[in-house]
Amino acid sequence: MNQWTKRSLVMGTLLVGGVLGLSYCSNKAEQQIQQQEQGNLNASADLKTLMAARNLTEGDVEAALKTYTPTGKKDEYMIFASGGQSGQVLAIGVPSMRLLKVIGVFTPEPWQGYGYGDDTNAILAGGNQGTHKLTWADVHHPNLSETKGDYDGQYLFVNDKANARIAVVDLADFATKQIVANPLVASDHGGAFVTPNTDYVIETSQYPAPLGRDYAPLSDYKAKYRGLAMFWKFDRTKGRIDPAASFGVELPPYSQDLADAGKLVSDGWVFIGSWNTEMATGGTLQGKPAIESGASQNDMDYLHIIDWKKAEQVVAAGKTTTMKGVKVITLQTAADENVLTLVGEPKSPHGADVTPDGTAIVVGGKLDTHGTVYEFSKIKDQIAAKKFESKDEFGVPVLSFKDTIRGQVELGLGPLHTVFDDKGNAYTSIFLESKVAKWSLKDMKLIEKLSVHYNVGHILAAEGDTVSPDGKYVVAMNKMSIDRFTGVGPLYPQNFQLIDITGDKMKLLADMPIGIGEPHYSQMIKTDKLKPLKMYTPGFNPATGVKDPNAVEGGKERIERHGDVVDVYMTAVRSHFTPDQVEVNEGDTVNFHITSLEQAEDQTHGFTVDMYNVNISLEPGKHENVTIKADMPGVYPMYCTEFCSALHLEMQGFFLVKPKGAK
Ligand code: K7E
Ligand code: CUA
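These numbers were taken from a predicted model, which means no experiment stands behind them. Counting restarts for each chain, with residues numbered from 1 along the sequence as it is written. Here the convention is simple: chains get letters from A, ligands get numbers from 1, in the order in which they are written. Only residues with pLDDT of at least 70 get local features here, since the model is predicted, and only at 80 or more are side-chain atom pairs given and counted; chain-wide, interface and lining totals rely on the full set of residues. Hydrogen atoms and water are omitted, and side-chain values are computed over all heavy atoms in the structure.

J.: Just give me the short version of helix H4 (residues 58-67), but keep the residues and values in it.
T.: Partly exposed residues are those whose accessible area sits between 20% and 50% of the maximum for their type, while under 20% is buried and over 50% is exposed, using a 1.4 Å probe and protein chains only. For helices the rule is a DSSP run of H or I covering at least 4 residues; for strands it is a run of E covering at least 2, with both sets numbered from the N terminus onward. Those residues of H4 that fall on the buried side of the exposure criterion are Val61, Ala63 and Thr67. Seen from one end, H4 has its buried residues packed into an arc of 160°, which puts them on one side. Of the residues in H4, the exposed ones pointing more than 90 degrees away from the buried face are Glu58 and Leu65. Check the buried side of H4 and you find it contacts helix H3 (47-54), strand E30 (494-500) and strand E31 (507-514). Any N or O atom pair separated by 3.5 Å or less is treated as a polar contact, with the protein-specific requirement of one donor-capable and one acceptor-capable atom, and with residues adjacent in sequence counted only for side-chain atom pairs. For H4, the capping residue at the N-terminal end is Thr57, with a side-chain oxygen 3.3 Å from the backbone nitrogen of Gly59. Note that the arc is computed from the directions linking the helix axis to the C-beta atoms. What makes two residues a contact is simply this: any of their non-hydrogen atoms within 4.5 Å.

J.: Tell me what's going on with the site of ligand 1, and back it up with residues and numbers.
T.: The local shell around ligand 1 consists of His140, His141, His189, Leu258, His350, His417, Gly457, His458, Lys479 and His520. Following the grouping adopted for this structure description, the nonpolar residues are Ala, Val, Leu, Ile, Met, Phe, Trp, Tyr, Cys and Pro, the charged ones are Asp, Glu, Lys and Arg, and the polar ones are all others, Gly among them. In the shell around ligand 1, the residues fall into one nonpolar, eight polar and one charged. The criterion for a residue being near a molecule or strand is simple. One of its heavy atoms has to lie within 4 Å of it.

J.: With reference to specific residues and values, describe the sheet that holds strand E43 (residues 634-639).
T.: If DSSP finds at least two bridges between two strands, the strands pair. Read across the sheet, five strands follow the order E38-E44-E43-E40-E41 without closing on themselves; strand pairing throughout is mixed. The open sheet has two edge strands with one neighbour each: strand E38 (581-585) and strand E41 (614-618). The mean inter-strand angle of the sheet, taken between neighbouring strand axes irrespective of direction, is 15°. Of the pairings in the sheet, the one linking strand E40 (residues 605-609) to E41 comprises five bridges and is antiparallel in character. Its bridge partner lying in E41, His605 is registered against Leu618. Interaxial angle, 0 to 180 degrees, is taken between N-to-C directions of lines fitted to C-alpha atoms, where a helix line uses only the stretch in contact.

J.: How would you sum up the pairing of strand E14 (residues 300-307)? Please name residues and give values.
T.: Burial runs high along E14: six of the eight residues are buried. As judged from the four bridges shared by strand E13 (residues 269-275) and E14, these two strands associate in the antiparallel manner. Each residue of the ladder has a partner; that of Phe271, found in E14, is Ile305. Alignment of E14 against strand E17 (residues 340-346), held across seven bridges, turns out to be antiparallel. Within the sheet, the bridge partner assigned to Tyr302 lies in E17 and is Gly344.

J.: Account for the sheet that holds E17, with residues named and values stated.
T.: Ordered in space as E12-E13-E14-E17-E22-E21, the six strands form an open sheet in which the pairing is mixed. Edge positions in the sheet fall to strand E12 (255-261) and strand E21 (390-391), since each of these pairs with one other strand and no more. Sitting on the sheet, helix H8 (residues 308-316) touches E13 and E14, and the angle it makes with E14 is about 60°. Against the sheet, helix H10 (residues 376-384) contacts E13, E14, E17 and strand E22 (397-399), and its axis sits at roughly 100° relative to E13.

J.: Explain the domain arrangement of the protein to me, using residue names and the numbers behind them.
T.: You'll often see interface size given as the accessible area lost when the parts meet. Domain delimitation in this document rests on an assignment produced automatically or drawn from a domain database. Looking at the protein, the domain boundaries give domain 1 (77-529) and domain 2 (540-658). Counting residues at the interface gives 13 residues for domain 1, matched by 15 residues for domain 2. Throughout, the accessible surface (probe 1.4 Å) given up by two parts as they are put together, summed over both, is called the buried area. A buried area of about 1100 Å², summed over both sides, lies between domain 1 and domain 2, and 38% of it is on carbon and sulfur atoms. The rule for a salt bridge is simple: a side-chain nitrogen of Lys or Arg has to be within 4 Å of a carboxyl oxygen of Asp or Glu. Here domain 1 is connected to domain 2 by zero salt bridges. If you look at where domain 1 meets domain 2, you find seven residue pairs in polar contact (both at pLDDT 80 or more). Per-element accounting of the side of domain 1 that touches domain 2 gives the leading share, four residues, to helix H5 (residues 118-125). In the side of domain 1 that touches domain 2, the residues fall into four nonpolar, four polar and five charged.

J.: So, a nonpolar patch on the surface: which residues are in play, and what are the values?
T.: Patch membership requires more than 30% relative accessible area and the absence of a salt bridge. Residues of like charge join within 9 Å; the nonpolar side chains Val, Leu, Ile, Met, Phe, Trp and Tyr join within 5 Å. Each accessible area is a Shrake-Rupley result for a 1.4 Å probe, and residues are judged covered by the shown protein chains and nothing else. On the surface, a cluster of nonpolar side chains totalling about 300 Å² of accessible area is made up of Met480, Ile482 and Tyr492. Mapping Met480 onto the fold places it in the loop between strand E29 (471-478) and E30. What makes Met480 partly exposed here is its relative accessible area of 39%.

Below is the structure:
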């Protein structure tokens, strides 16, 4: 039997198997043939010949061996990466650096049907801000939920810098469940960072403006413009943020930047970097310096230190004002009650990263060559003793810089973000030099620098933001890729570079081009902590978190008319929709209630009504509701958009809209 006969036999099995739902088994037969073919092909080629033919060094082969993941083998870690301007989140396997999923978060995602059905539209609508429909987001910092300072694999939070929003993704099904919109500010950046037991999700503003998004001229900058640290209360039992139990802390009009929550000894505290303590507002047409130079005059900006347990007490004591429904601790109260304290940090800082043991905070400086390490115990003791050096012009107490730091380490030009391993080392991204700097937290000494390609922004480490990082891997998230990949036009991919940190020397293992959005931050979790669902219980609505009241059982499919409202109770199972003919009148409102009757792993159907901008994903057991206004008379195919079986193309039906006045 030659390969072609074998193949056509397999295809025959596939066809029959697909109809019977046996495609998995026949895929296996197909796989065996493929493996035989590859075996034959490779038998004559030895390793050296292959290396020579592909111009690979021994180092390359070693890197390949450390990352190559044969079919069927799984990754040890998963990265949750910001999808940047795409408004989405990317799930990536490590060490294979294979893209596993693009999770729709702030932006509709058609494959998942996210934003194309009633229930997911309601989630997206929760993020409405202002009067313009927001169809994009600037995702910066994904943060995994934590229990006792360790990733627990349950939830993921992300921020939208452009529109001041926070989203909650449930890692049971990797789907977005909630978007909360901050009514007080227009942009954020210090989010979405969690406290060690995920009591709060922190969101701090980036660009100062009047709180509540009111108008005030720039001449009132110092008087009326403010920053904000928002503490979104997370209700783990519901898996949702509870806005009513959340509060904000008003901040001076500096540009607050990255934030991090204290852990272990520093649990109960939050640290927020800032720049533009000059409060420059530009005015280039009037001959004033651009903000970039106006904001770079001071040698020191301010690290903001918030005692959030104290803040909770202040809120409980009712010492707040309410702005647009949010309880806010005013700047005055925050200063008087020592909820907020400042300490100098070197010129235009970026990054504020708490060490795994919680004893120190590392800050980088975009215009400074040092990593600066603050000793938390010194901060705490001086605040307790009210030993302040001065106050800023808003009356906020300021600690002495030199009495607060553990020390500084010379790292290079433009140190940004710092992550940690399990051996007391820190890894800092050096943006201008395109390097990752490894240094010792204990000795405050630079150990090694590794070139990356190019202009590294954030870096991330395996379990890197927990109380017990794993070491093993660091990933450099490079902004530029210049000569790394085949050209795809002037908008180049970003470049994630996987680095092995297990040896004495860091070793670059693999490049992964990222052709979507501009990722900022990511976190990497051990995959054995994730417990993703394989399917939903029948009739479950993932958006509402309960069995849908309109869930349809097999045999109970029906069409009901109530005046000009038509309810279609539909089921989907290989390879048909029931009912498959839906005829309505022009102008009717049609509610499709569709339940997948599948309970077999990975048997997903899609459902579209052509021309009506509907595309939902029906994973096994899932229920979705879709409402459309039948305002286009005609005949529109409805079909399954997922190649679900051999008779997938036959999984179709007709949606007929009878024109007004037709018989
Ligand atoms: Cu450095 Cu938004 Cu965290 Cu970008 S931020 S890199
Ligand atoms: Cu169901 Cu294709």
